[in-house]
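# Reading the structure
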Amino acid sequence: MKDAAPASAPETFYLKDYTPFGFEVVSVELTFRLAPNATRVISKIRFSPKPGAADPTFFLHGEELTLIRAAIDGTEVTPTLTDTGLTCDVPDTPFTWEAEVEIDPEGNTALEGLYMSNGMYCTQCEAEGFRKITYYPDRPDVMSTFKVRIEGDEKVKLSNGNPTGNGAGWAEWHDPWPKPAYLFALVAGDLVNHPDSFTTRSGKEVELNIWVRPGDEGKCAFGMEALKKSMTWDEEVYGREYDLDIFNIVAVDDFNMGAMENKGLNIFNSSCVLASPDTSTDANYERIEAIIAHEYFHNWTGNRITCRDWFQLCLKEGLTVFRDAQFTADMRSAPVKRISDVIDLRARQFPEDGGPLAHPPRPEQFQEINNFYTATVYEKGAEVIGMLKRLVGDDGYSKALDLYFDRHDGQACTIEDWLKVFEDATGRDLTQFKLWYSQAGTPRLSVEESYQDGTYTLTFEQKTAPTPGQPDKAPRVIPIAVGLLGPNGDEVLPTQVLEMTEGKQSFTFEGLAAKPVPSILREFSAPVILERETTNSERAFLLAHDTDPFNRWEAGNALAREARIAMILDGAAPDADYLDALQKMLRDDDLDPAFRALVLSPPSQSNIAQALHEHGHTPDPQQIHDAAETFAQTLAEQLADSLPRLYAATTVDGPYSPDAVSTGKRDLNARILSLLTRLDGGQQAARQYEAADNMTQQYAALSCLLKAEKGAAQSQAFYDQWKGDRLVMDKWFALQIATAAPEAAAQIAQDLTGHALFTLKNPNRFRAVMGAMAGNHAGFHHASGAGYRLLAENLIALDKLNPQTTARMCAAFQTWRRYDADRQALIREQLQRIAGTDGLSRDTTEMVTRILDA
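Cut-offs used in this document
- Residues numbered from 1 in each chain as written.
- Predicted model: local features only at pLDDT ≥ 70, side-chain atom pairs only at ≥ 80, totals over all residues.
- Heavy atoms only, no water.
- Helix = DSSP H or I, 4+ residues; strand = E, 2+ residues; numbered from the N terminus.
- Rg over C-alpha atoms; globule rule 2.2 N^0.38 Å.
- Buried < 20%, exposed > 50% of the residue type's maximum accessible area, 1.4 Å probe, protein only.
- Areas by Shrake-Rupley, 256 points an atom, 1.4 Å probe, with all protein chains shown as cover.
- Lys, Arg positive; Asp, Glu negative; His and termini not counted.
- Charge placed at Lys NZ, Arg CZ, Asp CG, Glu CD.
- Pairing = 2+ DSSP bridges.
- Contact = heavy atoms within 4.5 Å.
- Axes fitted to C-alpha atoms, helices over the stretch in contact; angles between N-to-C directions.
- Salt bridge = Lys/Arg side-chain N within 4 Å of Asp/Glu carboxyl O.
- Expected span 1.5 Å × (residues − 1).
- Polar contact = N/O pair within 3.5 Å; in protein donor to acceptor, adjacent residues only side chain to side chain.
- Parallel < 35°, antiparallel > 145°, perpendicular 65-115°, else oblique.
- Left-handed = near helix turned anticlockwise from the far one by under 90°.
- Nonpolar A, V, L, I, M, F, W, Y, C, P; charged D, E, K, R; others polar.

Of the regular secondary structure elements, the chain holds 26 helices and 31 strands. Its C-alpha atoms give the chain a radius of gyration of 28 Å, near enough to 29 Å, the size a compact globule of 854 residues would have. Structurally, the chain occupies a C-alpha span of about 85 × 65 × 60 Å along its principal axes. Taken across its 854 residues, the chain has 58% of its residues classed as buried. Looking at the chain as shown, the accessible area adds up to about 32100 Å², and 48% of this sits on carbon and sulfur atoms. Where the 82 positive side-chain charges of the chain centre and where its 124 negative ones centre are 1 Å apart.

Moving on to the sheet that holds strand 18 (residues 205–212). What the five strands build is an open sheet, ordered 17-18-19-21-20; its pairing is mixed. The open sheet terminates on both sides in strands that have one partner only, identified here as strand 17 (192–199) and strand 20 (259–260). Relative to strand 18, strand 17 is paired through eight bridges, and the arrangement is antiparallel. Residue His194 lies in a different strand from strand 18, and its bridge partner there is Ile210. Against the sheet, helix 1 (residues 221–238) engages strand 17, strand 18 and strand 19 (246–252), with an angle of about 25° to strand 17.

This part covers the pattern of salt bridges. Evaluation of the coordinates by the stated rule reveals 63 salt bridges. The partner of Glu151 in a salt bridge is Arg33, and the shortest N-O contact between them spans 3.3 Å. Of the two residues, Glu151 sits in strand 12 (residues 144–151) while Arg33 sits in strand 2 (residues 23–33), which places them 118 residues apart along the sequence. Note that Arg213 is salt-bridged to Asp253, the shortest N-O span being 3.3 Å. Placement of Arg213 in the loop between strand 18 and helix 1 and of Asp253 in the loop between strand 19 and strand 20 is noted, with a sequence separation of 40 residues between them. Classification of Arg213 by relative accessible area gives partly exposed; the value is 26%. A single salt-bridge network, built from bridges that share partners, covers Arg213, Asp216, Lys219, Asp253, Asp725 and Arg726.

Helix length check: helix 9 (residues 549–570) (22 residues) gives 31 Å between terminal C-alpha atoms against 32 Å at 1.5 Å per residue, within 8%. With 16 of 22 residues buried, helix 9 is to be regarded as a mostly interior element. Looking at the residues trailing helix 9, positive phi occurs at Gly571, about 70°.

Summarising the element assignment, Gln684 is placed in helix 16 (residues 683–691). Only 3.3 Å separates the side chain of Gln684 from the side chain of Tyr647, close enough to count as a polar contact. The residues touching Gln684, leaving out its near neighbours within four places in the chain, are Tyr647, Leu673 and Leu676.

One open sheet holds the three strands; their spatial order is 4-8-7, and the pairing between them is antiparallel. The open sheet terminates on both sides in strands that have one partner only, identified here as strand 4 (59–61) and strand 7 (80–81).

In the contact formed by helix 1 and helix 2 (residues 282–297), the axes pass within 9 Å of each other and the chain directions differ by 45°. One finds that helix 1 runs oblique with respect to helix 2. The element helix 1 and its partner helix 2 pack so that their crossing is right-handed. In this structure, helix 1 uses Phe222, Gly223, Ala226, Leu227, Lys229, Ser230, Met231, Trp233 and Asp234 to contact helix 2, whose residues at the interface are Tyr285, Ile288, Glu289, Ile292, Ala293, Tyr296 and Phe297. Taken together, the residues that form the contact of helix 1 with helix 2 break down as 11 nonpolar, two polar and three charged.

Glancing now at unusual backbone geometry. Look at the link from Glu126 to Ala127: it is a cis peptide, with omega at 5°. Residue position: Ala127 is located in the loop between strand 11 (120–124) and strand 12. With a phi angle near 70°, Leu521 is a residue other than glycine that sits in the positive phi range. For Glu523, which is not a glycine, the phi torsion comes out positive at approximately 55°. Looking at the element boundaries, Glu523 is found in the loop between strand 30 (517–520) and strand 31 (529–531).

Structure, rendered in C-alpha cells:
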C-alpha cells in the first residue's frame, strides 16, 4: 500500500486549534534493516488511551511510506491510508501497535527523514521528518523512550541514548529520556571517530566522539574542545549537567540546516564542525564554536524541556540562541559579540519584520512549519529573552531558570509556562511583556528631549507599523538602557534601565550642571528602531567618548550611513568629519582590534537601501554600490601614509591560533589590506597570498585580488590546491560571485551552475552560489533582471529535489517592494513564474504566496 500524492491545496494550521493527542505513547521499539533503496523499518509501539481525551481518533502521521503490514496486539489490521498518515480502529485499553514499512533513503533528496549522504545513512527529523520513517504521532508533545536496533553491513551504527549491545551486522541503543520523534536520530556508515571524554562536576565520566568520514579526522580537535568548553560553561552558568553516558557528534555533508540537537547524537552539517587552520577561516572557527554550544545547550533547553507544539518553537530556539550568545560573549569579546549580533539582526530579522514574511516569534498560523525556522523565531526570540533578563535582573533570571528546569523537566511546554516561572520567581506581572511573543513588527522608538534648570527630560513614543494579519499594535514593554555624558565627555549618569510601558512616556533626570548628551539604547537593550534628531557632530562626540561599546560603534555606524545617503542623494563628497573620526579610531592601538575592524566595516549596501526606503526615497542599487566604492577609495587615499604601518602592526606572526585576540587582529588586518589594495594594485595582497600559511589570510588576500580584478592566477591556483576539499570549494564558489562587479555577477553565477563541481543536491554548494548571488546587492538587483531570472530558474529546479532549502532561499525576494517600478515588475514576473510551476511544493508555495501578497 502506497500513500497518495500530496494534496495540491496546502492546509493551514492554527494555534487556537491545538488538541492533545488522545493516547500516551508508553514505549517505542524500532528495528532498521538498512538497504539504500529498500530500508525496512519495523516499529513496535505501546499505546495507552487517555481517559476523556478531546479527540480519541487514532491517527498516525506517515508520508512517502510503503506499508507492508500492520498489527494490533499481534492481530493484523488494515488501516485507512491518506496522503498524510493513517487511521485505524483501536481498543479502548492499552495495546501494542506494530508496523513494517519500506522507505527509499537513497532517493530521498529532500534530506528529511532517513536519507543517504555520500554512502552514509543519516536522519533529519525536525520538524516533521520522522513521519517519513514510519507511522507515528509525529508531534512534539508526544514523548516516549526509544529502543533502536540497526541491522546492516556498515561499520558504525549510531542512535540516541546509550549503547546496549552490538554484534556482527547489528547494534542496539536505548534512550532512557522521553523525547518527541523530532529528536530521533540514526547514523550508519564507514566512519572514524575523534574520541575524548568529559567528567561532569558530579564525577560522572562521559564518552565523547566526533564521527567523520575517513580523511577528516584531523579537522575535529577544535570542535571537541568547543564541546568540552560548552559542557563546562553550562554547568558553571546554568547548573546543567549532561545526563547520558555518551555524547556523539556526526559530520554530514548533505544537510539542510547547520546542525541538529538529537538527544545524545547531534548531527552536524560538516561546515559547522570540521575545522583546520589550512581550510577554515577565523569566522568558520567562531561559528563552529557557537553552533556546537547551541546544539549542546539544547540538551536542557529543547530536549529535556521541549515545546508543546511547533507554534512554540521560539521557546526552545530563542532561549538557546540567547544561551549560545552568552557563551560566545564569555569565550571571546562581549562587546564585539553584541555588535555582531545586532548587525545580523538588522540584516536578516528587521527586513523580515517589516515585509511580507513578518510574523510574531510565536506565530498564530502556518502552512509549512519549516518556513518558520526564521530570524524572528531564533534571533528576535533571543532578543526577547535578553529584554526579560534585563527587566528582572541577573538574580531574578537565575531564580526563574532554576524554577523552569525544576518545574518542567520532561515536559512539552508553552510560552505561557515560560513566562509563568518568571512571574512566580520575581513577582512581576508579565501580561504586557507577552505582547513581544504575539505581535509582529519592529517598534519605532522616537525621542524628544528638553533641558531646563538642571532637569533633563527624555520623552519616548513607540509605534509599530501594521504587519500581515495584524493591523493594530498595542504598546509593548520596552527596556531602554540610558546613560548621560557631560559636555566634556565624562559620564554624568551611568547606565540606567528605563521601563517604558505606555505609547508615550517621559523620564526626568535632575541635578545636572549642564545639558547632557544622551546615550540611548545602550547594549541595544531592545530590538527597536531608534529615531532621534541629532547631528553628525554629536555622533562624532559619542564615537569618541561614549563608555558603552555598542553605542560607540552605533554612532560611527550612523555617521557612515548618513555620509553614504548624502553622497547618493546630494552628490556630496565623503564626509570629512567622519573620515577623520575613522582615521583616529583606526590609529588608536589601545582599542580592541576586533572593535576597530567593526567600526571600519561600512553599513551593508542592503542596509543603505533600507535606510533610503525608510526616508521616502527609492533606492538605486547601482548608486549605492558606486557610493560605497567612492567612499572606500577616498578613505584609502587619506590613509595612504599610514596603511603600510597599520598593516604591519596588525599582522599576526607565529603559528595560527583561532583565539579571540589573534582573530581580531587578523580581521582588522584584512580590512586594512582591502584599503591598501586600492592603492598598490594588489601587490601586498599577492605577497600575502603566496606567504599565507592559513586559510584566513589566504582567503582575505584572494578576496582583495578578485575585487581588484587582479586575482585570476591566484583564483586558479586556489582551485587547483583545494578542488578536493568540498568545504573550501564552497568558499571558492561564493567568492567568485561576492567579489564580482554588478554587471558581471549574474553571468558568473550562471557559469558556475554549469561547473563540474556544482550540484543542486548539496545545500551547501547551492547556498554558496545562489546565496552569494542574492548577497551581491547591486549584482542581484542589476537593472537587467538577470539575477532575478537566474535565482528563479534554480529555485524551480531545486524545489523538485529539496523544497525546504528552496523555500528558505525565496526570502531573497522579500524586500522587492522597496525598489523602483521596473525592478518590481521584473521580480513579480519571476515570483509568478515560480508560483505557476506545476507540482510546486507546499513549502515554496507558501513562501512565494506570502511574498507576492505584500
